[in-house]
Each structure stands twice: as C-alpha cells, then as structure tokens.
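Results of the structural survey
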Amino acid sequence: MESNEIICNVERWLDSNSVNSMSICLDGLDTAGNTHITGGSAVLTGSAAAEERKTGKELSLITDIDELAEKLVSSPANFVTTVMGIAQSRSGWKPLEPESAGNSENFKKYIDQIMKFPLMVVTKTDTTNVTYSEGNYDSLINNIADIYSGISDGDKNSIKAGLTSLAKSCLSRVNEKQKKVLFTQSIMCVNDEVTVSFYSSNVAMEKKHSSGKNAPADEFSSEVQVSKVEVKFNRMALNKNIAKKLCSVLFKSIDDWLEETTTKQTDKTREFCFGH
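Residues numbered from 1 in each chain as written. Predicted model: local features only at pLDDT ≥ 70, side-chain atom pairs only at ≥ 80, totals over all residues. Heavy atoms only, no water.

Focus on the overall build of the chain
The secondary structure content of the chain amounts to 9 helices and 5 strands. Taken from the N to the C terminus, the helices and strands of the chain come in the order α-β-α-α-α-α-β-α-α-β-β-β-α-α. Residues counted as buried form 50% of the 276 residues belonging to the chain. When the accessible area of the chain is evaluated, it comes to approximately 13,100 Å², of which 45% is carbon and sulfur surface. (Helix = DSSP H or I, 4+ residues; strand = E, 2+ residues; numbered from the N terminus. Buried < 20%, exposed > 50% of the residue type's maximum accessible area, 1.4 Å probe, protein only. Areas by Shrake-Rupley, 256 points an atom, 1.4 Å probe, with all protein chains shown as cover.)

This is how it looks when you write it as structure tokens:
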C-alpha cells in the first residue's frame, strides 16, 4: 500500500463517525441483553517492553507535536497505545467503570475500531469452550485463567465476583438464561514486532425448574467461552505524517494505557454458595 493511500485511509479512520460492532470472534456467546463487564486488565510483555515503556515516559513530556510525531515513529509500541486510546474514546468503552451501562457492547466496538486501523493486521481469531467439573467453580476460574496471559490473583477475584453475581441472579430468576462478560484482557507483546491480543470470557447460566408432583429436580447449567482476537502492527508503513495525524488528536503512552485499562481491584472476598 502506497504511503499517500495509507495516509488517506488513516484520515478516513480518524474522521469516521461510524462506530459499529462487527460480528467478530470476540462476540463469543450471545450476550444480547447483557451490558456489563465484571473487570479487566492490560498486560505488557516482550523483550523490548521495558525500553518502550521508558521511551513512553519521555514522549509524555514533549509538547511540540512535530517533535512528538518524529520520535513516535521510532516507538511503535507507544504508537499502538495511542491508536488504542483513540479507539477507546470513540467506542465509549470504560475499563475503569466496568459496570457502566453498555460496556460489554462498547468493548466489542473498541476492538472493531482497532481492527479497522489501516496499519493493523488481524492474525488470529478463535473461541475456546471452557470445561470444568459441575459445581466446582474454583476449577472453572482456574481453567479460564489458564487461557489468559499473566493473570493475577486480583484478576481471578474479578472473575469470581462475576460468577457469584451471575449465579445469584440466575437462582432468583428460574427458567431464564442469565449472561455476563466476566473479564476482558489486552496483552501487548513488544519484540521486533508489536502484537496485541484481546480476550473476553463470556458466561451464560440458567436454573431450570418444573412444578408438579412428578416434576424433575431443578437443573443448574452454565456455558463458558473465552474468545481471542490478535492483531499485528505494520510498523514498516509508519512515518512522521501518520504519527502526526494521530498525536494531533491524542497521545497515550504505555504507562497511560496500562493504568487506564486495568480495573481497580477491591479487597472484598467472595464465597461460592451455589452449583451444588
């Protein structure tokens, strides 16, 4: 793709007023009617991660747009976090306010915007069905965590809180499927290339109850999927003009991205009392 064509496509991306969710793999389970997310986190990995994070701190101090754009060309990871920052502001996704109305759909819009950026290439989409022993929700949490990367004990608590909340809702509304996005995660790997993986764990629960003398016992069921989208940044096409287009709108360093995309953890302990 020629440089002028890329710049035109970047301008169209920046000027676009259309922020629509695509039917991408991250949809996972049908979460229609579910608007909340329990929590989420951002993770930085890779051999060049520490150096790029240091560069981001330095770039944050620059006030001249031309100077910032010129140096941003040599810092692909901070350019990618800037793209993600613009996508976040356009989509309405609020990672620090996970229970905000519409946040589940807005997270998908956020991913959609990143996928549409001209220098991003989608390299992988997949969905994993999570299995576990019926009634053993500690096993379920660990199986979900195994699919994610670098998940912390605090992140596990967020997943646990989401399961608890959903189960309580399920038990109070029999014969009605309850749905929730348990946890979202963004992982940026910085080596010679920059790749970002987005994860979303979706769960649906239902308590089936039949009345009558010979009615079967109540049945509690749940379905869990973890969806992933991976994108790779085409750093070879980046130049100062493109960088200037973006940082004239917004600059977001790696540190800003890490802090503003990770849900603050609480100290509340959640115990399971369902599923048996």
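We are not done yet, so read on.
Digging into the environment of glycine 56
Relative to the helices and strands, glycine 56 resides in helix H2 (residues 49-59). Note: C-alpha distance between glycine 56 and phenylalanine 79 (23 residues apart in sequence) is 9.4 Å. In this structure, glycine 56 is in contact with Asn78, Phe251 and Ser253, ignoring residues within four places of it in sequence. (Contact = heavy atoms within 4.5 Å.)

A short note on the environment of aspartate 256
Take aspartate 256: it is sitting in helix H9 (residues 254-260). Since its relative accessible area comes to 25%, aspartate 256 is described here as partly exposed. The spatial distance from the C-alpha of aspartate 256 to the C-alpha of asparagine 78 is 9.8 Å, given a sequence separation of 178 residues.

Concerning empty space enclosed by the protein
Under the counting rule described, the total for this entry stands at 2 cavities of 30 Å³ or more. As a volume, the second largest cavity reaches approximately 30 Å³. Lining the second largest cavity we find Ile37, Gly39, Gly40, Trp93, Lys94, Pro95, Pro98, Asn103, Thr184 and Thr263. The element that contributes the greatest number of residues to the lining of the second largest cavity is strand E1 (residues 37-45), accounting for 3 residues. (1 Å grid on protein atoms, 1.4 Å probe; cavity = no way out; pocket = protein on both sides within 12 Å on 5 of 7 lines; lining within 4 Å. Points joined across faces, edges and corners; volume = space filled by probe spheres on them.)

What about the packing of aromatic side chains?
Considering all chains together, one arrives at 7 aromatic pairs under this definition. By the ring-pair criterion, three or more aromatic residues cluster together here, those being Trp13, Phe79, Phe117 and Phe233. A cation over an aromatic ring shows up here: arginine 90 above the ring of tryptophan 13, its NZ or CZ 5.0 Å from the ring centre. (Phe/Tyr/Trp six-rings, centres within 6.5 Å; stacked < 30°, edge-to-face > 60°. Lys NZ or Arg CZ within 6 Å of the ring centre and 35° of its normal.)

Considering the packing of helix H4 (residues 76-91) against helix H5 (residues 103-116)
Contact pair H4 / H5: the axes reach a minimum separation of 8 Å and the direction vectors enclose 140°. The angle between H4 and H5 falls in the class oblique. For the pair H4 and H5, the crossing hand works out as right-handed. Of the residues in H5, those touching H4 at Met84, Ala87, Gln88, Arg90 and Ser91 are Asn106, Lys109, Tyr110, Gln113 and Ile114. For the contact of H4 with H5, the residue count by class is 4 nonpolar, 4 polar and 2 charged. (Axes fitted to C-alpha atoms, helices over the stretch in contact; angles between N-to-C directions. Parallel < 35°, antiparallel > 145°, perpendicular 65-115°, else oblique. Left-handed = near helix turned anticlockwise from the far one by under 90°. Nonpolar A, V, L, I, M, F, W, Y, C, P; charged D, E, K, R; others polar.)

Side note on the packing of helix H3 (residues 65-72) against helix H8 (residues 240-247)
Two quantities define a packed helix pair, namely the angle between the helix axes and the distance between the axes. At a closest axis distance of 8 Å, the pairing of H3 and H8 adopts a crossing angle of 125°. With respect to H8, the element H3 is oriented oblique. Taken as a pair, H3 and H8 cross one another with a handedness that is right-handed. Each of Ile65, Asp66, Leu68, Ala69, Glu70 and Leu72 in H3 lies in contact with H8, whose residues at this interface are Lys240, Ala243, Lys244 and Cys247. When grouped by side-chain class, the residues that make up the contact of H3 with H8 number 6 nonpolar, no polar and 4 charged.

Quick notes on the pattern of salt bridges
All chains considered together, the criterion is met by 10 salt bridges. Linking lysine 116 and aspartate 112 is a salt bridge whose minimum nitrogen-to-oxygen distance equals 3.2 Å. One end of the pair is lysine 116 and the other is aspartate 112, both in helix H5 and 4 residues apart, which spans about a single turn. According to the relative accessible area criterion, lysine 116 is partly exposed, its value standing at 39%. Each of Arg53, Lys57 and Asp255 takes part in salt bridges that share partners, so that together they form one network. (Salt bridge = Lys/Arg side-chain N within 4 Å of Asp/Glu carboxyl O.)

Things to note about the environment of threonine 128
Residue placement: threonine 128 occurs in strand E2 (residues 120-129). Between the C-alpha atom of threonine 128 and that of isoleucine 144, which follows or precedes it by 16 residues, the distance is 9.5 Å. In this structure, threonine 128 is in contact with Ile147, Val224, Gln225 and Val226, ignoring residues within four places of it in sequence.

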